[in-house]
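Residues per chain are reported as follows:
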Amino acid sequence: LPVRRTVRAMRGFTDEESKWRFVAEQARALKAKGQPVLIGTRTVAASESLAKSLNETGLSHALLNGVRDEDEAQIIAAAGQAGQVTIATNMAGRGTDIVPSESALEAGGLQVIATEYHRSSRVDRQLHGRSGRQGQPGVVAPLGSWEDEIIRHYLPSWWRRWGQRLLGNGKWLEMSLSISQWRAGRHDTARRLTVLRQDQWLDEHLSLGQANVMKPGKFNS
């Protein structure tokens, strides 16, 4: 079926505090509208912090982060109901299908709020793909800030300060996040290649050692 998912332009923020405040406001507005929302967080700590913030404002929600996995099936089954707010990490509920109810589809389908760029764009696409499955309507709203961890790790501090003060939260921030993600991907690829070379070296030398041990000699029958 043709894809009907709407992927909005990234919305940028100067700092993380304003970003999380916006997430809470959006969750409340979507719940009032009757549209289910899945808030994707990069870490368990971020999911717990957001859940605490929503609890303080009295906004009911479900938390799916792999820590309390005994209720995972029930949480996923309810995540597509009208007005349901679900907070999830990228690992929680992977490989499952969130099925929106009829009233949820009438309200626009499942909306995914991607709160932070992951190290791999593949993981971002997996999160986006939770919405608008099988030709259903759905919305993806990616977010980012100058204080996101991926920027702090892979871009120099002067770049971030310059961007925060002078360049705003639009295209320059989006480009900075993309560059950070590309650098993270190269770092992870190099690390995997190093592990592969180590495995190959161990396989080669251990197999040679094993061959020497088993080599027939005068004391072997």
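Refer to the structure printed above.
Residues numbered from 1 in each chain as written. Predicted model: local features only at pLDDT ≥ 70, side-chain atom pairs only at ≥ 80, totals over all residues. Heavy atoms only, no water.

Trainee: Is there a simple way to think about the pairing of strand 6 (residues 110–114) in this case?
Mentor: It is a general feature of regular strands that their side chains alternate between the two faces of the sheet. A large share of strand 6 lies buried, amounting to 5 of its 5 residues. The two faces of strand 6 match: Leu110, Val112 and Ala114 on one face and Gln111 and Ile113 on the other face are all buried. Looking at chain direction, strand 3 (residues 37–41) and strand 6 are connected through 4 bridges and run parallel. Note that in strand 6 the partner of Gly40 across the bridge is Ala114. Summarising the sheet, strand 6 and strand 7 (residues 137–145) pair through 5 bridges and their orientation is parallel. Across the sheet, the residue bridging to Ile113 is Ala141, located in strand 7. The handedness of the strand 6 to strand 7 crossover, carried by helix 5 (residues 121–128), is right-handed. (Buried < 20%, exposed > 50% of the residue type's maximum accessible area, 1.4 Å probe, protein only. Helix = DSSP H or I, 4+ residues; strand = E, 2+ residues; numbered from the N terminus. Pairing = 2+ DSSP bridges. Right-handed = clockwise from strand over helix to strand, strands pointing away.)

Trainee: I keep staring at empty space enclosed by the protein and nothing clicks. Help me out?
Mentor: Over the atoms rolls a probe the size of a water molecule, and its path tells where empty space is left. Taken as a whole and assessed by the stated rule, the structure comprises 1 cavity of 30 Å³ or more. By volume, the largest cavity is sized at about 40 Å³. The wall of the largest cavity is formed by 10 residues, among which Leu64, Ile76, Thr96, Ile98 and Arg130 lie closest to the centre. When the residues that make up the lining of the largest cavity are grouped by side-chain class, the tally is 6 nonpolar, 3 polar and 1 charged. (1 Å grid on protein atoms, 1.4 Å probe; cavity = no way out; pocket = protein on both sides within 12 Å on 5 of 7 lines; lining within 4 Å. Points joined across faces, edges and corners; volume = space filled by probe spheres on them. Nonpolar A, V, L, I, M, F, W, Y, C, P; charged D, E, K, R; others polar.)

Trainee: Just checking my understanding: could you explain the layout of surface pockets for this structure?
Mentor: Estimated volume of the largest pocket: approximately 220 Å³. Taken together, 13 residues line the largest pocket, and the ones lying closest to its centre are Glu16, Trp20, Ala45, Ala46 and Ser49. Every element with two or more residues in the lining of the largest pocket is listed here: helix 1 (16–33), helix 2 (44–56) and helix 6 (149–154). Of all the elements, helix 2 adds the most residues to the lining of the largest pocket, at 5 residues. Looking at side-chain class alone, the lining of the largest pocket contains 5 nonpolar, 3 polar and 5 charged residues.

Trainee: Just to check I follow, could you spell out the nonpolar core for this structure?
Mentor: Note on soluble globular proteins: their nonpolar side chains tend to be buried together. Ile39, Leu54 and Ile87 are the most contacted members of the largest nonpolar core, which totals 17 residues. Those elements that place two or more of their residues in this core are helix 1, strand 3, helix 2 and strand 5 (85–89). Sort the elements by how many residues they give to this core and helix 1 lands first, with 5 residues. Ignoring any residue separated from it by four or fewer positions in sequence, one finds Leu54 in contact with Ala24, Leu59, His61, Val85 and Ile87. Core analysis: the second largest hydrophobic core is formed by 13 residues, Leu38, Ile98, Leu127 and Val140 among them. (Core = buried A, V, L, I, M, F, W, Y, C linked by side-chain atoms within 4.5 Å. Contact = heavy atoms within 4.5 Å.)

Read these as spatial facts, not as claims about activity.
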